[in-house]
2 protein chains.
Amino acid sequence: MTAKLVSELAEKIQQKIAAGEFPPGHRLRQELLAKEFDVSRTPIREALRQLETKGLVSQSHRKSAVVSAPSLRDVKETYQVRAELEGLAAELAATWITDAQLALMRETHARFAEAIETLARHSAKAQRDKAARLTKQMSAAAEAWTRTNAAFHRIIHDACDNRRLSATIHDLNQGQIRSIMLATILGMDAHRLRLTLTHHERILGRLSARDVKGAREAVVTHIQESGEFVVRWLERNYPGPDRQMQASKPDADGSIRPWWTAADD
Amino acid sequence: MTAKLVSELAEKIQQKIAAGEFPPGHRLRQELLAKEFDVSRTPIREALRQLETKGLVSQSHRKSAVVSAPSLRDVKETYQVRAELEGLAAELAATWITDAQLALMRETHARFAEAIETLARHSAKAQRDKAARLTKQMSAAAEAWTRTNAAFHRIIHDACDNRRLSATIHDLNQGQIRSIMLATILGMDAHRLRLTLTHHERILGRLSARDVKGAREAVVTHIQESGEFVVRWLERNYPGPDRQMQASKPDADGSIRPWWTAADD
DNA sequence: AGGACAATTCTTGGATACAAGAATTGAAAA
DNA sequence: TTTTCAATTCTTGTATCCAAGAATTGTCCT
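About the criteria used
Residues numbered from 1 in each chain as written. Chains lettered and ligands numbered in written order. Predicted model: local features only at pLDDT ≥ 70, side-chain atom pairs only at ≥ 80, totals over all residues. Heavy atoms only, no water. Helix = DSSP H or I, 4+ residues; strand = E, 2+ residues; numbered from the N terminus. Buried < 20%, exposed > 50% of the residue type's maximum accessible area, 1.4 Å probe, protein only. Contact = heavy atoms within 4.5 Å. Pairing = 2+ DSSP bridges. Core = buried A, V, L, I, M, F, W, Y, C linked by side-chain atoms within 4.5 Å. Buried area = accessible area lost by both parts, 1.4 Å probe. Salt bridge = Lys/Arg side-chain N within 4 Å of Asp/Glu carboxyl O. Near = heavy atom within 4 Å. Polar contact = N/O pair within 3.5 Å; in protein donor to acceptor, adjacent residues only side chain to side chain. Expected span 1.5 Å × (residues − 1). Axes fitted to C-alpha atoms, helices over the stretch in contact; angles between N-to-C directions. Parallel < 35°, antiparallel > 145°, perpendicular 65-115°, else oblique. Left-handed = near helix turned anticlockwise from the far one by under 90°. Nonpolar A, V, L, I, M, F, W, Y, C, P; charged D, E, K, R; others polar. Least-squares fit on C-alpha atoms with pLDDT ≥ 70 in both.

A. Region of the structure containing the overall build of chain A. If you tally the helices and strands in chain A, you get 10 helices and three strands. Across the 265 residues of chain A, 51% fall into the buried class. Contacts in chain A between residues far apart in sequence, at least 24 positions, make up 77% of those at least 6 positions apart.

B. Structural detail: the sheet that holds strand 1 (residues 27-28) of chain A. All names here are of chain A. Reading across from one edge, 1-3-2 is the order of the three strands in this open sheet, with antiparallel pairing throughout. Looking at strand neighbours, the two that pair on one side only are strand 1 and strand 2 (57-58), the edges of this open sheet. Where strand 1 lies against strand 3 (residues 65-67), two bridges are found, and the strand directions are antiparallel. Looking across to strand 3, one finds that R27 is bridged to V66.

C. Main features of the nonpolar core. Judged by nonpolar contacts, the single largest core of 110 residues is most densely connected at I156, L165 and L207 of chain A together with I156, L165 and L207 of chain B. With residues up to four places along the chain from it excluded, the contact list for L207 of chain A reads A90, A93, A94, I97, L102, M105, I156 and A215 of chain A.

D. Examining the interface of chain A and chain B more closely. Residue-level contacts link 34 residues of chain A with 35 residues of chain B. Summed over both partners, the interface of chain A with chain B buries about 3,200 Å², with 49% contributed by carbon and sulfur atoms. The three residues of chain A that bury the most area against chain B are E46, R49 and R164 of chain A, which together make up 21% of that side's buried surface. Where chain A meets chain B, there are eight salt bridges. For the salt bridge of R45 of chain B with E46 of chain A, the shortest nitrogen-to-oxygen distance reads 2.8 Å.

E. The arrangement of the protein's contact with DNA strand C in detail. Taken together, 21 residues sit near DNA strand C, with R29, R41 and R45 of chain A together with S40 and T42 of chain B positioned nearest. Measuring from a base nitrogen of DNA strand C, one finds a side-chain N or O atom of R41 of chain A at 2.8 Å. In the environment of DNA strand C, a base nitrogen lies 2.8 Å from a nitrogen or oxygen atom belonging to the side chain of T42 of chain B. Those elements giving two or more residues to the surface near DNA strand C turn out to be strand 1, helix 2 (30-37) and helix 3 (41-54) of chain A together with helix 1 (4-18) and helix 3 (41-54) of chain B.

F. Main features of helix 6 (residues 136-159) of chain A. In this model helix 6 of chain A runs 35 Å from its N-terminal to its C-terminal C-alpha over 24 residues, within 8% of the 34 Å that 1.5 Å per residue would give. Where helix 6 of chain A ends, the next residue or the one after it, D161 of chain A, has phi of about 65°, a positive value.

G. Examining the pattern of salt bridges more closely. Under the criterion given, the structure shown has 36 salt bridges over all chains. Salt-bridge contacts for E46 of chain A lead to R49 of chain B; the nearest nitrogen and oxygen are separated by 2.6 Å. Of this pair, E46 of chain A sits in helix 3 while R49 of chain B sits in helix 3, placing the two residues on different chains. Taken individually, E46 of chain A and R49 of chain B each receive the classification buried, so the pair is uniform in this respect. R147 of chain A serves as the salt-bridge partner of E143 of chain A, at 3.3 Å between the closest nitrogen and oxygen. Of this pair, E143 of chain A and R147 of chain A are both found in helix 6, four residues apart, which corresponds to roughly one turn of the helix. Taking the relative accessible area as the measure of exposure, E143 of chain A reaches 41% and is therefore partly exposed.

H. Looking closely at the sheet that holds strand 3 (residues 65-67) of chain B. Spatial ordering of the open sheet is given by 1-3-2 (chain B), a layout of three strands whose pairing is antiparallel. Looking at the sheet topology across the chains shown, the edges are occupied by strand 1 (27-28) and strand 2 (57-58) of chain B.

I. Spatial organisation of the side chain of T184 of chain B. One can find T184 of chain B in helix 8 (residues 178-185). Among all residues touching T184 of chain B, those that are not within four sequence positions of it are F229, V230 and W233 of chain B.

J. Structural detail: the packing of helix 4 (residues 72-96) of chain B against helix 6 (residues 136-159) of chain B. All names here are of chain B. The contact between helix 4 and helix 6 brings their axes to 7 Å, and the two run at 65°. Judged by the inter-axis angle, helix 4 sits roughly perpendicular to helix 6. Read as a crossing pair, helix 4 and helix 6 show a hand that is left-handed. Here E86, A89, A90, A93 and W96 of helix 4 come into contact with helix 6, specifically with H153, I156, H157 and A159. In the contact of helix 4 with helix 6, the residues fall into six nonpolar, two polar and one charged.

K. Representation of the protein's contact with DNA strand D in the model. Taken together, 21 residues lie near DNA strand D, and S40 and T42 of chain A together with R29, R41 and R45 of chain B sit nearest. Q30 of chain B has a polar backbone atom sitting 3.1 Å from a phosphate oxygen of DNA strand D. For DNA strand D, a phosphate oxygen lies 3.2 Å from a polar atom in the backbone of R62 of chain B. Among the elements that take part in the surface near DNA strand D, helix 3 of chain A stands out by supplying three residues, more than any other. When the residues that make up the surface near DNA strand D are grouped by side-chain class, the tally is four nonpolar, six polar and 11 charged.

L. Spotlight on the relation of the copies chain A and chain B. Mapping chain A onto chain B calls for a rotation angle of 180° and an axial translation of 0.1 Å; the resulting RMSD is 0.1 Å. These values place the two chain copies in the arrangement generated by a two-fold rotation axis. Residue by residue, 100% of the interface of chain A is reproduced at the interface of chain B, so both copies engage with the same surface.

M. Spotlight on the packing of helix 1 of chain B against helix 3 of chain B. All names here are of chain B. Taken N-terminus to C-terminus, the directions of helix 1 and helix 3 make an angle of 60°; their axes are 8 Å apart at the nearest point. Between helix 1 and helix 3, the interaxial angle falls into the category oblique. Crossing geometry of helix 1 relative to helix 3 is assigned as right-handed. Between helix 1 and helix 3, the contacting residues are L5, V6, S7, L9, A10, I13 and Q14 on the first element and P43, I44, E46, A47, L48, Q50, L51 and K54 on the second. Grouping the amino acids of the contact of helix 1 with helix 3 by side-chain chemistry returns 10 nonpolar, three polar and two charged.

In structure tokens form, the structure reads like this:
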């Protein structure tokens, strides 16, 4: 379908943005990227153009591309649109979802619950001990959280039988806010983490019952409340789109410390 | 914000696609485009990459970019998403719209009504006289229809106070289906044309009354019924995504005859 | 020390070069 | 006449080149 090299490059750059290695505000120099991926600047430029069109970076004439930082308003707006679209997807999925997909959702949900319990334990410990750092296990659990959460929602998008809808939702999520979500869950206490779990259980229940309106309502509420939590977290911790954030260099132990690990001060 | 030349080129190519000069299935050769716009292939390639990301063309490795033809399924899916999003926009707009915007809507609506009356007259004549060709006046009226229709909806998007939402809707509309809409209205009889008018009047009424749910319902119904009409028309007339359509060369009189003017046989 | 400004170095944007692989053409065979 | 297949011609993908304009540096002045 699409040209191979360029979209691979775009993919890799996008991942580094999502991972926090290229934080919002970071300048993306074509020559450096070209050297890093061992190609010439030509395909890099096209990859950057692709990311620009997707809204992940912004380019001004004769200036380096810059990783764009969503404003608080962007985040709020995006959640509002997401709630609507994921609600529609759930409504449709309630009709079209197969038993196999429902089984897969339950399985995914179980793994999600595990990740949440791990996170909740660590979060409780972090509250007792203020000096607690971001441990390897905690990052791994956070990563598992995002992965299983995405998988859970993904099944709904797949089941809605409307590719355009799922593509639109996907674009919205992959946009600028993915790394923010990852940042946010580290700020959830045990209670808030488990609330997400009950949301998902309710969604699962409505879908299993093929309750069209109920599934929609459950998903809309879930997304809206998640959005509200994210916004509250950001209002407390987010540097905002104007502040230039440090590029994260690999640590002594080789791990990357993304910008958001420093936000909780 | 964005680099100048490349997005200008993308814009021009997009317009030619919407105007039917580059019909679905048409190969876009970089060298030809470069010559046509008097630049080198480099910026052309980036413009094509941009259009690819927006979904207007598709590129395979070492093959010319091709203007993508939406399948019937694509069109149906897009209308379903549009109905949902424009419904949300209307719901929000009912709260935020200003009196000035409402006045502007009424004005736009008046011009829309004029275009429809012109079209309805020509459509009635065309039914009496099967040999009637697509006249200049009729094209102009069709063009006025799309313009004022877009303006009408645009005011709602602007008034919804959610830029992300209006951008998402805009992307959806500008995508592949813009030229199809233009094609479709030529297939509307006088009754169907006037039905659109009453839809718009109802929307205007609900917005003026600041009726949140009513505005939503009016817009959703409007988009859904429009979508159903478009789909029915396409089922009768659309060549489909697989058939290669002729590139439209300027006629003897210099006018372009887009692919859809030949569809009504 | 700190700020203004000129010289220098980077970095980008567009053009061009060239190799690899499609598309096309034309001749020969069925 | 139609089909097949090799030779030829186009077209794309990546690298490289160069000029124009940012960003940076260093110096001089206050």
